[in-house]
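# Coordinates in review
Listed below, chain by chain, are the residues.
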Amino acid sequence: MSRNGDGYRYGFGGHENDNEVKGNGNHISFGDYGYDPRIGRRWNIDPLSMEYPWQSPFLSSDNNPIFFNDPNGKNAVGTISGNTITVSATVYVYNGGKNKLDIAKTQKAINSYWGKDFKYKDEQGKSYNVKFDITVKEITFGDLLLKPLSFEEGANYVYPKDGTFNNNRSNVANNMVGNWIVGKDDRTYSHEMGHLLGLADLYIDLECYNPFSENHGETRSVSYPSATSDELMSSSYAWTTFSFKNKDKKVTQRSINAIAEFVIKNQNNGKTVINLNTLPEKGLDPPTEEDEKTMKETYPKGATGWSIK
Ligand SMILES: [Zn+2]
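Residues numbered from 1 in each chain as written. Predicted model: local features only at pLDDT ≥ 70, side-chain atom pairs only at ≥ 80, totals over all residues.

## Quick look at the sheet that holds strand β10 (residues 203-209)
Keep this limit in mind: Only strands joined by at least two bridges in the DSSP assignment are considered to pair. Secondary structure elements follow DSSP: runs of H or I no shorter than four residues count as helices, runs of E no shorter than two count as strands, and numbering proceeds from the N terminus. A fitted line through C-alpha atoms represents every axis, and for helices the fit uses only the stretch in contact; the resulting angles, taken between N-to-C directions, go from 0 to 180 degrees.
Strands sit in the order β11-β10-β13 across an open sheet of 3 strands; the sheet is antiparallel. Each having just a single partner strand, β11 (219-223) and β13 (305-308) make up the two edges of the open sheet. In this sheet, adjacent strand axes meet at a mean angle of 40° when their direction is disregarded. Bridge count between β10 and β13: 4 bridges; the pairing is antiparallel. Directly across from Cys208, in β13, lies its bridge partner Trp306.

Below is the structure:
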């Protein structure tokens, strides 16, 4: 697919890499929600969008979601009490479609990564405890009709998909609506949760063009050089060796630092709302400029062999 510059690659989208999946092809994915200036609105990518009862096919202001006044939603809210930073979010799973996400399992999956006691030290050396209070909740079509969700309590929507969707990739669009594949591991849901908390991806997609290579046509997501192998927002593939480096991931300190710093610096009326309006363009803790430079030089677009998609 063509990309209008590098800007939106990291934007507010972000799709989960699934390293077992090969041959991504050239389709446009829901996770790549973009804004097309020619038609003045976000182009709709997902032909299945009618399955999303809470949104119109377009997310821009000229096509407001059907049930909600606020097209951007509010994802998570960060509050500070004493030396404790709490980031609260509710993930609303719409299980009214064909595919259903096990609520208890998903909750457990997210808790296994995010339900820990984290620490943060600010520039002045003040220490904070950081915790994430995340609730996974089922929502029905009836709920949506009767009582539109309060965006103040958080509005992360998740639509369960099966493995045939989007080449088996879970994703989050605009840090707001997620397509989560049913039956994935804890890491995948926790990675997607990372996006709902504002974090950027720490990997880039490469594709192989070389008819003589067994990898011809294959797509691989490789981690940026600065990402550590245990980084939840990275890929399992190391950027140089393409080897499976580490499937055991965790929420690393740099993610916690990015979120905590954002919450502290953006307090407004006693809270920091993490959403499309408040987050920086690339999201929190994006790859460094050095990262991007290195990847551009190592895997130039259009080169034979592995190149940036
Ligand atoms: Zn991702």
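Now that the structure is up, let's keep going.
## Digging into the nonpolar core
Applicable threshold: Note on definitions: a nonpolar core is a set of buried residues drawn from Ala, Val, Leu, Ile, Met, Phe, Trp, Tyr and Cys, linked by C-beta atoms within 7 Å. The burial criterion counts other C-beta atoms lying within 10 Å of a residue's C-beta, which is placed from the backbone; the residue is buried at 20 or more, exposed at 12 or fewer, and partly exposed between these limits. Here contacts are defined at the residue level, using C-beta atoms placed from the backbone and a cut-off of 7 Å between them.
Among the nonpolar cores identified, the biggest contains 55 residues, and Val87, Val91, Val93, Ile110, Val158, Leu197 and Ile259 are the most heavily contacted of them. Of the residues forming this core, the biggest block, 7 residues, is contributed by strand β4 (residues 84-94). Not counting chain neighbours up to four residues away, the residues in contact with Val93 comprise Leu101, Ile103, Thr106, Val136, Lys137, Glu138, Ile139, Val158 and Pro160.

## Some details on the packing of helix α2 (residues 103-114) against helix α4 (residues 186-196)
Short version of the rule: By the definition adopted for this analysis, an angle is roughly parallel if under 35 degrees, roughly antiparallel if over 145, roughly perpendicular if from 65 to 115, and oblique otherwise.
For the pair α2 and α4, the least separation of the axes is 8 Å and the interaxial angle reads 70°. Here α4 runs roughly perpendicular to α2, going by the angle between their axes. Within the contact between the two elements, α2 uses Thr106, Ala109, Ile110, Ser112, Tyr113 and Trp114 and α4 uses Asp186, Tyr189, Ser190 and Met193.

## Quick notes on the environment of Glu231
The residue Glu231 is located in the loop between β11 and α5 (253-265) in this model. We classify Glu231 as buried; it has 23 C-beta atoms within 10 Å. If we ignore the near neighbours within four places in the chain, the residues touching Glu231 are Leu202, Lys249 and Thr252.

## A word on unusual backbone geometry
We note that Asn269 has phi near 55°; this positive angle belongs to a residue other than glycine. Along the chain, Asn269 falls in the loop between α5 and β12 (272-274). In this structure, Asp285 is a non-glycine residue whose phi angle is positive, near 50°. Considering the arrangement of structural elements, one finds Asp285 in the loop between β12 and α6 (289-298).

## Some thoughts on the pairing of β11
Most of β11 is tucked away: 4 of the 5 residues are buried. Across 5 bridges, the pairing between β10 and β11 is antiparallel. By the bridge assignment for β11, Tyr203 is matched with Ser223.

## A closer look at the pairing of strand β6 (residues 127-139)
Regular strands have side chains that alternate between both faces of the sheet. As defined by bridge partners, β4 adjoins β6 across 11 bridges and the pair is classed as parallel. Directly across from Val91, in β6, lies its bridge partner Val136. As paired strands, strand β5 (residues 118-121) and β6 are joined by 4 bridges and run antiparallel to one another. If you follow Lys119 over to β6, its bridge partner there is Asn129. Between β5 and the antiparallel strand that follows it, β6, lie 5 residues; Gly125 among them carries a positive phi value of about 90°.

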